[in-house]
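Now for the letters of each chain:
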Amino acid sequence: MQPWIDRDMAVNWHPYSQMKTSQHVPIVRGNGAYLYDANGDRYLDMICSWWVTLHGHAHPYIARRVYQQLQTLEQVIFAGFTHPGAIRLSERLLGLLPENQTKVFYTDNGSTAVEVALKMCVQYGHNRGIKKTKILAFKDGYHGDTFGAMSVSERGQWTAPFSDMLFEVVFIEPPTAENFVQNIRILEKHAAELACFIYEPLVQGSGGMRMHQAGELSRLMRRCRELGVFMIQDEVFVGFGRTGRLFAADYLNESPDLMCFSKGLTGGTMPLGITTCTEQIYAAFYHDDKMRALFHGHSFTASPVACAAALASLDILLTVETQTRIQQISDRHRDFVDVLKKIPGVENPRSIGTLLALDWVGQEKTGYFSPFADWFSREALARQVLLRPLGNVLYVLPPYCITDDQLTRTYQVILELLKERSRQERRDECDAGSVE
Ligand SMILES: *Cc1c(COP(=O)(O)O)cnc(C)c1O
């Protein structure tokens, strides 16, 4: 497959754009929860354009702030220089995080925020003359597409071509009451060699919106703390209100050593990544010897424009109105989970905050390449709702500006399509039966 960009439809070579089966909807405009195509048809964006859009599309307040920033300072080298937006954003973000988070490192996306966190942990040991190179991670995790991030993510079809080049990771099951003892055994066995433990807190997003309990995760974290294993909490997906609270950290009894942010950080308007860490980690790098420094800098590190967008997004996020809306969406989701429990073929309907998910278990192949996903996306789009299952896992993640009517419409489409799928599958089964 070539990295082509077609003149008529510059969809780039995202994995899903390279397949012969793929079709692309040219979107020319966005407004609130809607995306508009070239024909003027509109679609409810119920996945926040891959989990980034927080307050709806083309938000006028963010747009104004970005415009002002572009007229003031669009870019400055972030080595030896800083700027008010980066300082202000650091201060405001740290004020919302667990108290032990005191330092901010800027990058420009989620994968690199993860790379930086991993490099901090490994180099921490290096700077202190201790060699620890193993990493602990959850099975079914996802932390990004760069090499380090791939290494600590679930290995599968995605990473197969690079499997020989990925570094050593010890994988454990996401925490349950049942596997606690087993996980602790693995943790203790490798503790001396572990540079860190990296995890998606409460929800494993790309791995299928799998959820675990805050209490179970906290227990595991406590043991990491006791054993001196650094914890990297990857809040790239769950941060900024997705779980109903500002951060997943707000559910946990233990604080991580490092945290990663991106996706919703700028309200979904611009790429920006942040890695935060504790004073202890920072202290291992702060030295007269330049060789102690963390040599990691991207050209667009702490882009002033992206920082302005992030500050504007925070303004909106912290309003009473938005916070109330998040709670209302959470309530609606919870009620809909009860409805879903009665639908045949639906397994484990679940929700946390503004995220709702279910597993579709028909007669079909499950997993990421389940035919259910393509069918469902197509049918939902035909009903002007943008939903995009992860294999057989259907999820809803609306922007916080979603109205009650829009939510109701989405739920209706879901029920309609799941019933239709059931009927189809039964029919297929009958047909198959008659052939035999
Ligand atoms: C999306 C995601 C990443 C990677 O972020 P990108 O900006 O897409 O590189 C990392 N971690 C988690 C938990 C994510 O969901």
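The following paragraphs examine the structure supplied in this document. Computed from a prediction, not measured in an experiment: that's the story for all the values here.

Conventions we followed
Residues numbered from 1 in each chain as written. Predicted model: local features only at pLDDT ≥ 70, side-chain atom pairs only at ≥ 80, totals over all residues. Heavy atoms only, no water. Pairing = 2+ DSSP bridges. Helix = DSSP H or I, 4+ residues; strand = E, 2+ residues; numbered from the N terminus. Core = buried A, V, L, I, M, F, W, Y, C linked by side-chain atoms within 4.5 Å. Buried < 20%, exposed > 50% of the residue type's maximum accessible area, 1.4 Å probe, protein only. Contact = heavy atoms within 4.5 Å. Salt bridge = Lys/Arg side-chain N within 4 Å of Asp/Glu carboxyl O. Axes fitted to C-alpha atoms, helices over the stretch in contact; angles between N-to-C directions. Near = heavy atom within 4 Å. Polar contact = N/O pair within 3.5 Å; in protein donor to acceptor, adjacent residues only side chain to side chain. Areas by Shrake-Rupley, 256 points an atom, 1.4 Å probe, with all protein chains shown as cover. Nonpolar A, V, L, I, M, F, W, Y, C, P; charged D, E, K, R; others polar. Parallel < 35°, antiparallel > 145°, perpendicular 65-115°, else oblique. Left-handed = near helix turned anticlockwise from the far one by under 90°. Arc of directions from axis to C-beta. Phe/Tyr/Trp six-rings, centres within 6.5 Å; stacked < 30°, edge-to-face > 60°.

## Structural notes on the sheet that holds strand β15 (residues 385–386)
Logical step 1: Here four strands make up an open sheet; going across it, the order is β1-β2-β3-β15 and the pairing mixed. Strand pairing shows two members of the sheet lacking a second neighbour, β1 (27–31) and β15, which therefore form its edges.

## Observations concerning the nonpolar core
Logical step 1: Residues Leu89, Phe240, Leu340, Phe376, Leu387 and Leu418 are the most contacted members of the largest nonpolar core, which totals 55 residues.
Logical step 2: By residue number, the principal contributor to this core is helix α12 (residues 404–435), which donates seven residues.
Logical step 3: Contacts of Leu418, omitting those with residues within four sequence positions, involve Leu340, Val346, Leu358, Trp360, Phe372 and Phe376.
Logical step 4: Of all hydrophobic cores here, the second largest spans 37 residues; its members include Phe138, Val203, Cys224 and Ala357.

## Description of the pattern of salt bridges
Logical step 1: If you walk through the whole model with that rule in mind, you get 20 salt bridges.
Logical step 2: For the salt bridge of Arg225 with Asp257, the shortest nitrogen-to-oxygen distance reads 3.0 Å. Of this pair, Arg225 sits in helix α7 (residues 214–227) while Asp257 sits in the loop between β10 (231–234) and β11 (258–261); the two residues are 32 residues apart in sequence, bridging distant segments of the chain.
Logical step 3: Note on Arg225: relative accessible area 34%, which makes it partly exposed.
Logical step 4: By relative accessible area, which is 2% here, Asp257 ends up buried.
Logical step 5: Between Arg423 and Glu420 there is a salt bridge, with the nearest N and O atoms lying 3.0 Å from each other. With Arg423 and Glu420 both in helix α12 and three residues apart, the pair spans about one turn of that helix.
Logical step 6: On the basis of relative accessibility, which here comes to 24%, the residue Glu420 falls in the partly exposed class.
Logical step 7: When salt bridges with common partners are traced through the structure, they connect Lys134, Glu168 and Glu193 into a single cluster.

## Regarding the sheet that holds strand β12 (residues 273–277)
Logical step 1: Within the open sheet, the seven strands sit side by side as β4-β12-β11-β10-β7-β5-β6. Their pairing is mixed. Bordering the open sheet on either side are β4 (103–107) and β6 (169–172), each of which pairs with just one other strand. With strand direction ignored, the average angle separating the axes of adjacent strands in the sheet is 20°.
Logical step 2: Across three bridges, the pairing between β10 and β11 is parallel. Paired with Ile232 across the strands is Leu258, a residue of β11.
Logical step 3: Those strands touched by helix α3 (residues 84–96) are β4, β11 and β12, and its axis lies near 125° from that of β4.

## Focus: the site of the ligand
Logical step 1: Inspection of the region around the ligand gives Trp51, Asn109, Gly110, Ser111, Tyr142, His143, Gly144, Glu200, Asp234, Val236, Phe237 and Lys263 as its neighbouring residues.
Logical step 2: Ser111 is positioned with one of its side-chain polar atoms (N or O) 2.6 Å from an oxygen atom of the ligand.
Logical step 3: Between an oxygen atom of the ligand and a side-chain N or O atom of Lys263, the distance comes to 2.6 Å.
Logical step 4: Relative to its free-state accessible area of 380 Å², the ligand is covered by the protein chains to the extent of 84%.
Logical step 5: Among the residues forming the shell around the ligand, the class breakdown is four nonpolar, five polar and three charged.

## Observations concerning the packing of helix α2 (residues 60–72) against helix α9 (residues 304–317)
Logical step 1: Interhelical geometry of α2 versus α9 gives an angle of 150° and a closest axis separation of 9 Å. When the interaxial angle is binned, α2 and α9 end up roughly antiparallel. The chirality of how α2 crosses α9 is right-handed. Mapping the contact onto sequence places Tyr61, Ile62, Arg65, Val66, Gln69 and Leu70 in α2 and Pro304, Val305, Ala308, Ala309, Ala312, Ser313, Asp315 and Ile316 in α9.
Logical step 2: Each residue belonging to the contact of α2 with α9 can be placed in one class, and the counts come to ten nonpolar, two polar and two charged.

## Comments concerning unusual backbone geometry
Logical step 1: Notably, Met209 is not glycine yet its phi reads approximately 50°, a positive angle.
Logical step 2: Relative to the elements of secondary structure, Met209 occurs in the loop between β8 (203–204) and β9 (210–211).
Logical step 3: A relative accessible area of 0% means that Met209 is categorised as buried.
Logical step 4: We note that Ala302 has phi near 55°; this positive angle belongs to a residue other than glycine.

## Here's the deal with the packing of α3 against α9
In helix packing, the relevant descriptors are the interaxial angle and the interaxial distance, both defined with respect to the helix axes.
Logical step 1: Running from N to C, α3 and α9 cross one another at 40°; their axes reach a closest spacing of 9 Å. When the axes of α3 and α9 are compared, the crossing they make is left-handed. Residue-level contacts link Gly85, Ala86, Arg88, Leu89, Arg92 and Leu96 of α3 to Cys307, Ala310, Leu311, Leu314 and Asp315 of α9.
Logical step 2: Among the residues forming the contact of α3 with α9, the class breakdown is seven nonpolar, one polar and three charged.

## Some words on helix α6 (residues 180–190)
Logical step 1: Those residues of α6 that fall on the buried side of the exposure criterion are Phe180, Asn183, Ile184, Leu187 and His190. For α6, the buried positions fall inside an angular range of 140° around the axis, keeping them on one side. The exposed residues of α6 that point more than 90 degrees off its buried face are Val181, Arg185 and Lys189.
Logical step 2: Turning to α6, the residues buried within the fold contact β5 (134–138), β6, β7 (194–199) and α7.

## Here's the deal with the environment of Ala191
Logical step 1: For Ala191, the position within the fold is in the loop between α6 and β7.
Logical step 2: Through-space distance from the C-alpha of Ala191 to that of Cys224 is 8.3 Å; in sequence the pair is 33 residues apart.
Logical step 3: Excluding its chain neighbours within four sequence positions, the residues that come into contact with Ala191 are Leu227 and Val229.

## With respect to the packing of aromatic side chains
Logical step 1: Evaluated as defined, the whole model comprises 17 aromatic pairs.
Logical step 2: Seen from their ring centres, Phe138 and Phe197 are 5.3 Å apart, and the 80° between their planes marks the pair as edge-to-face. Pair noted here: Phe138 is in strand β5 and Phe197 is in strand β7, with a separation of 59 residues, a long-range link.
Logical step 3: For Phe138, a relative accessible area of 2% puts it in the buried group.

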